[in-house]
Number of protein chains: 2
Amino acid sequence: MTTRRKSPVETEAIQPQMCSVDVRQHILRHVPFFAMLSEEDIGRINQSFREQGFEAGEPIYYAGDPAARLYVVAAGKVKQMRHSLTGQDVLLDILSEGDFFGSLSILGDETYPDTVLAQTGICALSIDSEGFREILQAYPPVALEVLNITGQRLRGAQEAVHQLSAYSVEQRLAYTLLKLMDKLGEAQEVGVLIQMPLSRDDLAAMTGATTETISRIMSQFQKAGWIKSGRQWVAIRDSEALREVAAGG
Amino acid sequence: MTTRRKSPVETEAIQPQMCSVDVRQHILRHVPFFAMLSEEDIGRINQSFREQGFEAGEPIYYAGDPAARLYVVAAGKVKQMRHSLTGQDVLLDILSEGDFFGSLSILGDETYPDTVLAQTGICALSIDSEGFREILQAYPPVALEVLNITGQRLRGAQEAVHQLSAYSVEQRLAYTLLKLMDKLGEAQEVGVLIQMPLSRDDLAAMTGATTETISRIMSQFQKAGWIKSGRQWVAIRDSEALREVAAGG
DNA sequence: GTAATTACATGATCTGGCGCAATTAATCGC
DNA sequence: GCGATTAATTGCGCCAGATCATGTAATTAC
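This text gives an overview of the structure that appears in the document. Computed from a predicted structure; not experimentally measured.

Each value, and the rule that gives it
Residues numbered from 1 in each chain as written. Chains lettered and ligands numbered in written order. Predicted model: local features only at pLDDT ≥ 70, side-chain atom pairs only at ≥ 80, totals over all residues. Heavy atoms only, no water. Helix = DSSP H or I, 4+ residues; strand = E, 2+ residues; numbered from the N terminus. Buried < 20%, exposed > 50% of the residue type's maximum accessible area, 1.4 Å probe, protein only. Areas by Shrake-Rupley, 256 points an atom, 1.4 Å probe, with all protein chains shown as cover. Least-squares fit on C-alpha atoms with pLDDT ≥ 70 in both. Contact = heavy atoms within 4.5 Å. Buried area = accessible area lost by both parts, 1.4 Å probe. Salt bridge = Lys/Arg side-chain N within 4 Å of Asp/Glu carboxyl O. Polar contact = N/O pair within 3.5 Å; in protein donor to acceptor, adjacent residues only side chain to side chain. Arc of directions from axis to C-beta. Pairing = 2+ DSSP bridges. Axes fitted to C-alpha atoms, helices over the stretch in contact; angles between N-to-C directions.

1. As for the overall build of chain A
Now for step 1: Helix and strand counts for chain A stand at eight helices and twelve strands.
Now for step 2: By residue count, 54% of the 249 residues in chain A fall in the buried class.
Now for step 3: Carbon and sulfur atoms make up 50% of the accessible area of chain A, which totals about 11,100 Å².

This is the structure:
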């Protein structure tokens, strides 16, 4: 008899979220690229943003929609995805509090290349692209920080290309779990829990594999005692072992 | 008897390049993110750059080297690559005149995550990261344009992730040839020639496939009359057919 | 509560593309 | 010009991982 858990350890912490109007200023102050601004500058910027709540599973926008706005995740997690004609979806990134997504450029006639879905209940702040451009022009240090972050994401995406081109599904899965742990991990009795609902399907879409293959490898990892996992949740128990697998053990 | 060509149509146009000192100002003026500056601003910026020539095949830097400088391709083409422990190399991007690469951030203790090799003889202008940061701070419109370009590259990399996750080698190859045609294509009698030395190995490293598989598919494409290709060169004759293949025909 | 639905597991089979090998063609070095 | 080197082609066996199929545990709907 396997020690498979019957109930998720922690989805209670992830409830549908709405922004209370009062906390917007507080949230904006903690967005990495606004952190260096004064309270009154943030107050000014605050006026250009509007808030919006989304239920878990709801789309923020679809690929092909006219790209008009830039969003900042205030609370919760979203999935950035790309669709294929074959129906196979690819999960490019998971974004959480303080991350931005949507349209950076001011070219009006563009459409979003990706779809963004609320993975948990979320609160998002958004601003139209021109408004954001104005902020970038008015506060050059903000632009530099946004550039920094975009550069880091570019490197991350290039690393993903590398992984998909050169490594096995097992290695990619190990790597993906480690990245998720770094970003969303929370120490618990079961291990370091990845603090969000995370299905085999999600992991398959993140690693460019099928659900079945991911399920098989997750079973192996679990048997080896490296992870503990149930329905829509994963905790890492031996990150060192995963690191070895990812590196080509 | 196949109509395989015995000699490349156009590598004569790609000779080892050195920058003459005189042309630097001219080159900088045509770099996209400096285009909006005045002649005298460019002159000031010019002083922070230094030039360097590289022979075809020479490395500009290796992954793991301390990341200290930002480069701009003044003439020629370079390959941006990532290595794997298994020896399998991945070709992330081909950069040509006006493109930048290297270190954007000012964090001193970093190393380059990629290797950049001169694909042809090239001339590169370079500046230390702090110097570039100072320029970005001094000329905010430059920072915005660099952000624009970085954002576009991020989308390109995400599209590559999508392709690798969801499409066949045949589709990825068709897509890659089309992108190269858009970037480097030059109308010739044989078709639209991709104006750089481009081997099956290069295409394999760009598509995450093996040389043999690429060779086989290139033969198919050639038999179908969609491309014409020889030793280190490729010309596209029917881009519409390739587009159909890429889209899932 | 019970039925319907959704997430996960695992076995059996099939295949796109890899790995290896042998041959041919173009280019380089002297 | 001629051998040495590098690029490309093509055949063949094989395997990682996809696909298909079936079963079961957890969750949702009522």
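2. Let's talk about the relation of the copies chain A and chain B
Now for step 1: Superposing chain A onto chain B requires a rotation of 180° together with a translation of 0.0 Å along the rotation axis, leaving an RMSD of 0.0 Å. Taken together, the turn and the small shift mark the pair as related by a two-fold rotation axis.
Now for step 2: Most of the interface of chain A is mirrored in chain B, where 100% of its interface residues are also at the interface.

3. As for the interface of chain A and chain B
Now for step 1: Counting residues at the interface gives 42 residues for chain A, matched by 42 residues for chain B.
Now for step 2: Across the chain A to chain B interface the summed buried area is about 3,700 Å²; carbon plus sulfur atoms make up 63%.
Now for step 3: When residues of chain A are sorted by the area they lose upon contact with chain B, Leu144, Leu147 and Arg155 of chain A head the list and together hold 17% of the total.
Now for step 4: Linking chain A with chain B are four salt bridges.
Now for step 5: A salt bridge links Arg82 of chain B to Glu159 of chain A, with the nearest nitrogen and oxygen atoms 2.5 Å apart.
Now for step 6: On inspection of chain A and its partner chain B, the count reaches twelve residue pairs in polar contact (both at pLDDT 80 or more).
Now for step 7: Every element with two or more residues in the side of chain A that touches chain B is listed here: β4 (78-82), β5 (90-95), α3 (129-138) and α4 (140-166) of chain A.

4. As for helix α8 (residues 239-247) of chain A
Residues and elements named next belong to chain A.
Now for step 1: Buried within α8 we find Ala241, Leu242, Val245 and Ala246. For α8, the arc enclosing every buried residue in end-on projection is 140°, short of the 170-degree limit, so these residues lie on one face.
Now for step 2: Residues of α8 that are buried make contact with α5 (169-184), α7 (211-223), β11 (227-230) and β12 (233-236).
Now for step 3: N-capping of α8 is provided by Asp238, with a side-chain oxygen placed 3.3 Å from the backbone N of Glu240.
Now for step 4: Two residues or fewer after α8 comes Gly248, characterised by a positive phi angle close to 115°.

5. Comments concerning the environment of Ala143 of chain B
Now for step 1: Its location among the elements puts Ala143 of chain B in helix α4 (residues 140-166).
Now for step 2: For Ala143 of chain B, a relative accessible area of 5% translates into the label buried.
Now for step 3: As a C-alpha pair, Ala143 of chain B and Phe33 of chain B span 110 residues in sequence and 7.8 Å in three-dimensional space.
Now for step 4: Apart from residues lying up to four places away in sequence, Ala143 of chain B is in contact with Leu144 of chain A together with Leu136 of chain B.

6. What to know about the pairing of strand β3 (residues 69-75) of chain A
Residue and element names in this part refer to chain A.
Now for step 1: Burial analysis of β3 places seven of its seven residues in the buried class, the great majority of the element.
Now for step 2: Of the pairings in the sheet, the one linking β3 to strand β6 (residues 100-102) comprises three bridges and is antiparallel in character. Residue pairing for β6: Leu70 is matched across the bridge by Gly102.

7. Considering the sheet that holds strand β2 (residues 59-61) of chain A
Residue and element names in this part refer to chain A.
Now for step 1: Read from one edge of the open sheet, four strands run β2-β7-β4-β5, paired in antiparallel fashion. At either end of the open sheet lies a strand with only one pairing partner, and these are β2 and β5. Across the sheet, the mean angle separating the axes of adjacent strands is 30° when strand polarity is ignored.
Now for step 2: Relative to strand β7 (residues 115-118), β4 is paired through four bridges, and the arrangement is antiparallel. Paired with Met81 across the two strands is Thr115, which belongs to β7.
Now for step 3: Sheet strands in contact with helix α6 (residues 200-207) are β4 and β5, and its direction is about 105° off that of β5.

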